[in-house]
Amino acid sequence: MGSPTLSYYVEMENWGSNMARQDIEDAVEEIALRLLKETPDIELVDVEYIKEYDWYLRVYIDKVGGIDIEDCQALSEQLENELDARDFIKESYILEVSSPGIDRVLRKPRDFTREIGKTVDVTLYAPKDGKKEFSGTLTDFNGDTFTLDGEMEIARKDAAQVRLHIDF
């Protein structure tokens, strides 16, 4: 099935000025992409900054054959140094660098393009044809819509979540 998600945690404290969540994600994505240019076999999959019990800054990376703890640790240390130097996140947070897992969520256009030909599970905000959940092969993507099994077109804005399907 694949390796379990690997994580490397570093607690950060007392960061600088307040930024919007999306601004933080965008800034960290820019930094991570620059750092990963030195390791072209590793792909940045996603960045998310979310509040659970604590704030979490999650950076998801992958490569052919899967990533390992050393990949996560190396990027985590580089990011920690860069974020410490820039000092733009106000809240204390936990930095996690990990694999997106085998059931990764598709969020960005590059995710949809990369996964064409694979089976996905889709949850909609509102029912379509009386259903909110669908599974099918992702056969097309044009930026605003994606197609399942060559026939069902779904607008990205209507999809609450699209993730890779796992066969057990």
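Throughout, a residue's number is its position along its own chain's written sequence, starting from 1. In keeping with the model being predicted, local features are shown solely for residues with a pLDDT of at least 70 and side-chain atom pairs are shown and tallied solely at 80 or more, while totals for entire chains, interfaces and linings include all residues. Based on all heavy atoms of the structure, the side-chain values leave hydrogens and waters out of the count.

K.L.:
What is the right way to read the pairing of strand 6 (residues 131-141) from this model?
P.N.:
Taken residue by residue, a regular strand's side chains alternate between the two faces of the sheet. Here, any two strands with at least 2 DSSP bridges between them count as paired. To qualify as a helix, a DSSP run of H or I must reach at least 4 residues; to qualify as a strand, a run of E must reach at least 2; elements of each kind are numbered from the N terminus. Judged from the 6 bridges that link them, strand 5 (residues 119-128) and strand 6 form a sheet pairing that is antiparallel. Directly across from Thr-119, in strand 6, lies its bridge partner Thr-137. Hairpin remark: strand 5 followed by strand 6, antiparallel, with 2 residues in the connecting loop; positive phi at Asp-129, about 55°. In this structure, strand 6 lies alongside strand 7 (residues 145-148), joined through 3 bridges in antiparallel fashion. Each bridged residue has a counterpart across the sheet, and for Asp-140 the counterpart in strand 7 is Thr-147. Where strand 6 hands over to strand 7, the hairpin turn is made up of 3 residues, of which Gly-143 adopts a positive phi near 105°.

K.L.:
Where do I start with the side chain of Ser-99 in this structure?
P.N.:
As for its position among the elements, Ser-99 is in the loop between strand 4 (93-98) and helix 3 (109-114). Buried residues are those whose accessible area, probed at 1.4 Å on protein chains only, stays under 20% of the maximum for their type, while exposed residues exceed 50% and partly exposed ones sit between those limits. Look at Ser-99 and you get buried, because its relative accessible area is 10%. Pairs of N or O atoms are called polar contacts if they sit within 3.5 Å, as long as, within protein, a hydrogen donor faces a hydrogen acceptor (for residues adjacent in sequence, only side-chain-to-side-chain pairs). Of note is the side chain of Ser-99, whose polar atom sits 3.0 Å from the backbone nitrogen of Gly-101.

K.L.:
I keep staring at the environment of Ser-98 and nothing clicks. Help me out?
P.N.:
With respect to the helices and strands, the residue Ser-98 is situated in strand 4. By relative accessible area, which is 3% here, Ser-98 ends up buried. Considering only alpha carbons, one finds Ser-98 and Val-45, 53 residues apart in sequence, at a separation of 9.9 Å.

K.L.:
Explain the packing of aromatic side chains here, please?
P.N.:
Each pair of aromatic rings is reported with the distance of its centres and the angle of its planes. Here a Phe, Tyr or Trp ring, Trp counted by its six-membered ring, pairs with any other such ring whose centre lies within 6.5 Å, and the pair is stacked when the planes are under 30 degrees apart, edge-to-face when over 60, and tilted otherwise. One pass over the full model with this rule turns up 4 aromatic pairs. Relative to Tyr-93, the ring of Tyr-49 lies with its centre 6.1 Å away and its plane at 85°, an arrangement referred to as edge-to-face. On the criterion of sequence distance, the pair formed by Tyr-49 in strand 2 (residues 43-51) and Tyr-93 in strand 4 is long-range, its members being 44 residues apart. According to the relative accessible area criterion, Tyr-49 is buried, its value standing at 1%.

K.L.:
Please explain the sheet that holds strand 8 (residues 152-155) as it appears in this structure.
P.N.:
Where strands meet in a sheet, backbone hydrogen bonds hold them as pairs that are either parallel or antiparallel. Reading across from one edge, 8-7-6-5-9 is the order of the 5 strands in this open sheet, with antiparallel pairing throughout. Of all the strands in the sheet, just strand 8 and strand 9 (159-164) have a single pairing partner and so form its edges. The average undirected angle you get between the axes of adjacent strands in this sheet is 45°. Bridge count for strand 7 against strand 8 is 4 bridges, and the pairing is antiparallel. Lines fitted to C-alpha atoms define the axes here, with helix axes fitted over just the stretch in contact, and angles between the N-to-C directions of these axes take values from 0 to 180 degrees.

K.L.:
Got a minute to help me understand the pattern of salt bridges in this structure?
P.N.:
Close approach of charged atoms allows side chains of opposite charge to pair. One speaks of a salt bridge when a side-chain nitrogen belonging to Lys or Arg is within 4 Å of a carboxyl oxygen belonging to Asp or Glu. Taken as a whole and judged by the stated rule, the model has 20 salt bridges. Glu-43 is paired through a salt bridge with Arg-114; the nearest N and O atoms lie 2.3 Å apart. Pair noted here: Glu-43 is in strand 2 and Arg-114 is in helix 3, with a separation of 71 residues, a long-range link. Using a relative accessible area of 27% as the deciding quantity, one classes Glu-43 as partly exposed. Here Arg-107 makes a salt bridge to Glu-48, at a shortest N to O gap of 3.5 Å. Taken as a pair, Arg-107 in the loop between strand 4 and helix 3 and Glu-48 in strand 2 lie far apart in primary sequence, 59 residues in all. When its relative accessible area of 12% is taken as the criterion, Glu-48 is described as buried. Salt bridges sharing common partners tie together Glu-29, Asp-46, Glu-48, Glu-52, Arg-58, Glu-96, Arg-107, Lys-108 and Arg-110.

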